[in-house]
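Architecture at a glance
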Amino acid sequence: MDTVLTRRWLEGAPFRSTVDAASVSVARDDVRTVATRLGFDATATGELALIVSELATNQLRHGRLGRIALREIERHDVRGIEILAFDRGDGIADPTTALAGAPRESGSLGVGISSVVRFSDEVDFDVRAGEGTCVRARKFVRHVGRRREVASLGRPIEGEPRSGDDAWFGR
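Residues numbered from 1 in each chain as written. Predicted model: local features only at pLDDT ≥ 70, side-chain atom pairs only at ≥ 80, totals over all residues. Heavy atoms only, no water.

Brief notes about the pattern of salt bridges
- Scanning all chains against the criterion turns up 11 salt bridges.
- One salt bridge in this structure joins arginine 138 and glutamate 82, with 2.8 Å as the shortest N-O distance. In this pair, arginine 138 is assigned in strand S5 (residues 132-140) and glutamate 82 in strand S3 (residues 78-86), connecting sequence segments 56 residues apart. Taken as a pair, arginine 138 and glutamate 82 share a single burial class, namely buried.
- With its nearest N and O atoms 2.7 Å apart, the salt bridge here joins arginine 138 to glutamate 122. (Salt bridge = Lys/Arg side-chain N within 4 Å of Asp/Glu carboxyl O. Helix = DSSP H or I, 4+ residues; strand = E, 2+ residues; numbered from the N terminus. Buried < 20%, exposed > 50% of the residue type's maximum accessible area, 1.4 Å probe, protein only.)

In structure tokens:
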């Protein structure tokens, strides 16, 4: 995923590549450290660790060149964490099934993405067939009111290796 929005988001935000199982553990440790500093309670910190773990594990299983970044955010004086997970895999083949958390024919429980949605306060998806997936998950120290979730699904036209489309949304 090499979109303008992803590049802008990463300016100044450190990210880690997901290359092996140890990368998943490091990402979990990173989010726990930030969550503790921001004042998340133990339950919310555990949920953040689960979100990062599911996203990083999906990158190992399904994506290529996966990366995860964390960014501190604030809304209405409430602190939070935004997690950006993006890769250059084939994209989520069936987003509807992934969001429903249905078991897969491959033997996977299929609950990873649905867990991310369930434990996050907000989630945005940018899925591009044959190009990759970008997930932005946000969680706040306390309730700030839900905002609408956004998904951008795209695919290249037949015969083209990449989609020339870009997506933008404003809140």
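Moving on from the model shown.
As for the side chain of aspartate 87
- Structurally, aspartate 87 can be placed in the loop between S3 and helix H4 (95-100).
- Nearest to the buried, unbridged aspartate 87 among oppositely charged side chains is arginine 64, at 7.3 Å.
- Separated by 2.8 Å, the side chain of aspartate 87 and the backbone nitrogen of glycine 89 make a polar contact. (Lys, Arg positive; Asp, Glu negative; His and termini not counted. Polar contact = N/O pair within 3.5 Å; in protein donor to acceptor, adjacent residues only side chain to side chain.)

So, the environment of serine 17
- When you line up the elements, serine 17 lands in strand S1 (residues 15-18).
- Serine 17 gets classed as partly exposed once you look at its relative accessible area, which sits at 36%.
- Setting aside residues no more than four positions away along its own chain, serine 17 makes contact with Ser23, Gly66 and Arg67. (Contact = heavy atoms within 4.5 Å.)

A word on the environment of arginine 32
- Within the fold, arginine 32 resides in helix H2 (residues 21-38).
- The exposure class assigned to arginine 32 is partly exposed, which follows from its relative accessible area of 35%.
- In sequence terms arginine 32 and alanine 42 are 10 residues apart; their C-alpha atoms lie 9.4 Å from each other.
- In this structure arginine 32 touches Thr45 and Ala49, once residues within four positions along its chain are discounted.

Remarks on the pairing of S5
- With eight of nine residues buried, S5 is to be regarded as a mostly interior element.
- Across seven bridges, the pairing between S3 and S5 is antiparallel. Across the sheet, glycine 80 pairs through a bridge with phenylalanine 140, a residue of S5.
- The sheet contact formed by strand S4 (residues 122-128) and S5 spans seven bridges and is antiparallel. Paired with valine 127 across the strands is threonine 133, a residue of S5.
- Between S4 and S5, which pair antiparallel and follow one another directly, the connecting turn spans three residues, one of which, glycine 130, has a positive phi of 80°. (Pairing = 2+ DSSP bridges.)

Brief notes about unusual backbone geometry
- Residue leucine 65 is not a glycine yet carries a positive backbone phi of 55°.
- In this fold, leucine 65 is placed in the loop between helix H3 (42-62) and strand S2 (66-75).
- One non-glycine residue with positive phi stands out, namely aspartate 77, at about 65°.
- Within the element layout of this structure, aspartate 77 appears in the loop between S2 and S3.
- Look at aspartate 77 and you get exposed, because its relative accessible area is 64%.

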